[in-house]
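# Reading the structure
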Amino acid sequence: MRVLIVEDEAFMAEAVRDGLRLEAIAADIAGDGDTALEMLAVNEYDVLVLDRDVPGPDGDEIARIVSQEPGGPRIIMVTAASRIDDKQAGFGSGADDYLTKPFVMRELVLRLRALERRRDVGRPPVVRSAGLRLDPFRREVFRDGRYVALTRKQFAVLQVLLNAEGGVVSAEQLLERAWDENADQLTNAVRITISALRKRLGEPALIRTVTGVGYQIDDATDVDHDA
């Protein structure tokens, strides 16, 4: 999952971003409405964590713009205003959920997971493919009944590959979906993570390298082991 945090209080925005990263959720920050709209125009996000009172176009205006775009991100409106009239206005602007400050980080994560589940209509919460069983909510992976311990980043990369349903995912797409906008496009992070993930999953190898294109989940045994 990739999230855009729209929050003008830098300390809070960074705290939320760091908390989400601990849950293997890639998160970027926009400190005002104009920046948020610019980032939304060039990046693909699953959920927008949107403070209602940001400078520039405020949260309500951003929500109205985003909600009119087909296939746009889900929106969690965040504000200190807790009156029912305030919530009604937020939902009326296009918000999918509403969270009142102050909030517990765990609650935000649960709400994000719930929105992710709603976004992926028709996709089972537990993903099964090639002998793998990935539970995105328990953060567990099993291969042929054997529990596989993964780091948060390895889990995120495997989830992107499984969600591609056999399709090839480029290194750039993995950087976009499992990292954040600060990831260096020339970094070896993807190759290193794929290599480590292969070792964790064991033999026969399941992650195939499509030379010059990217990676895919493949249940064949004669796959390319070079990342």
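Small disclaimer: the values here were computed from a predicted structure and weren't measured.

About the cut-offs
Sequence order sets the numbering: in each chain, residues are counted from 1 along the sequence as written. Side-chain atom pairs in this predicted model are given and counted only at pLDDT of 80 or more, local residue features only at pLDDT of at least 70, and totals for whole chains, interfaces and linings cover all residues. Processing note: side-chain calculations cover all non-hydrogen atoms of the structure and skip hydrogens and water entirely. Segments assigned H or I by DSSP are reported as helices when at least four residues long, segments assigned E as strands when at least two residues long, and all are numbered from the N terminus. Remark: exposure states derive from per-residue accessible area (1.4 Å probe, protein chains only) relative to the maximum for the residue type, with buried under 20%, exposed over 50%, and partly exposed in between. All accessible areas in this document rest on Shrake-Rupley with a 1.4 Å probe, and a residue is counted as covered only by the protein chains that are shown. UniProt positions are given in the numbering used here, feature names are shortened, and annotations may be inferred rather than shown by experiment. Here, residues are in contact when the closest pair of their heavy atoms is within 4.5 Å. N or O atoms closer than or at 3.5 Å make up a polar contact, with two conditions inside protein: a donor-capable atom paired with an acceptor-capable one, and, for residues adjacent in sequence, both atoms drawn from side chains. Throughout, an axis means a line fitted to C-alpha atoms (over the contacting stretch in the case of helices), and angles, computed between N-to-C directions, take values from 0 to 180 degrees. An angle counts as roughly parallel when it lies under 35 degrees, as roughly antiparallel when it exceeds 145, as roughly perpendicular when it falls between 65 and 115, and as oblique in every other case. Helix crossings are classified by the rotation of the near helix relative to the far one: an anticlockwise turn of less than a right angle makes the crossing left-handed, while a clockwise turn makes it right-handed. Classification used: nonpolar for Ala, Val, Leu, Ile, Met, Phe, Trp, Tyr, Cys and Pro, charged for Asp, Glu, Lys and Arg, polar for all others including Gly.

### Brief notes about the overall build of the protein
- Counting its secondary structure elements, the protein contains 8 helices and 11 strands.
- The 227 residues of the protein split such that 46% are buried.
- Carbon together with sulfur atoms contributes 48% to the accessible area of the protein, which is approximately 11300 Å² in total.

### Some words on the UniProt feature "modified residue: 4-aspartylphosphate" (unreviewed entry) in the protein
- Mapped onto the present numbering, the UniProt feature "modified residue: 4-aspartylphosphate" (unreviewed entry) falls on Asp-51.
- Secondary-structure assignment places Asp-51 in strand 3 (residues 47-51).
- Aside from chain neighbours lying at most four places away, what touches Asp-51 is Val-6, Glu-7, Asp-8, Gly-59, Val-78 and Lys-101.
- Separated by 2.8 Å, the side chain of Asp-51 and the backbone nitrogen of Asp-53 make a polar contact.

### As for the side chain of Arg-177
- For Arg-177, the position within the fold is in helix 7 (residues 171-178).
- Only 2.8 Å separates the side chain of Arg-177 from the side chain of Asp-46, close enough to count as a polar contact.

### Quick look at the packing of helix 2 (residues 33-42) against helix 3 (residues 59-67)
- The contact between helix 2 and helix 3 brings their axes to 10 Å, and the two run at 15°. In terms of orientation, helix 2 lies roughly parallel with respect to helix 3. In the crossing of helix 2 with helix 3, the sense of the turn from one axis to the other is right-handed. Counting all contacts with helix 2, which are made through Gly-33, Ala-36, Leu-37 and Leu-40, the residues of helix 3 involved are Ile-62, Ile-65 and Val-66.
- Across the contact of helix 2 with helix 3, the residue classes break down as 6 nonpolar, 1 polar and no charged.

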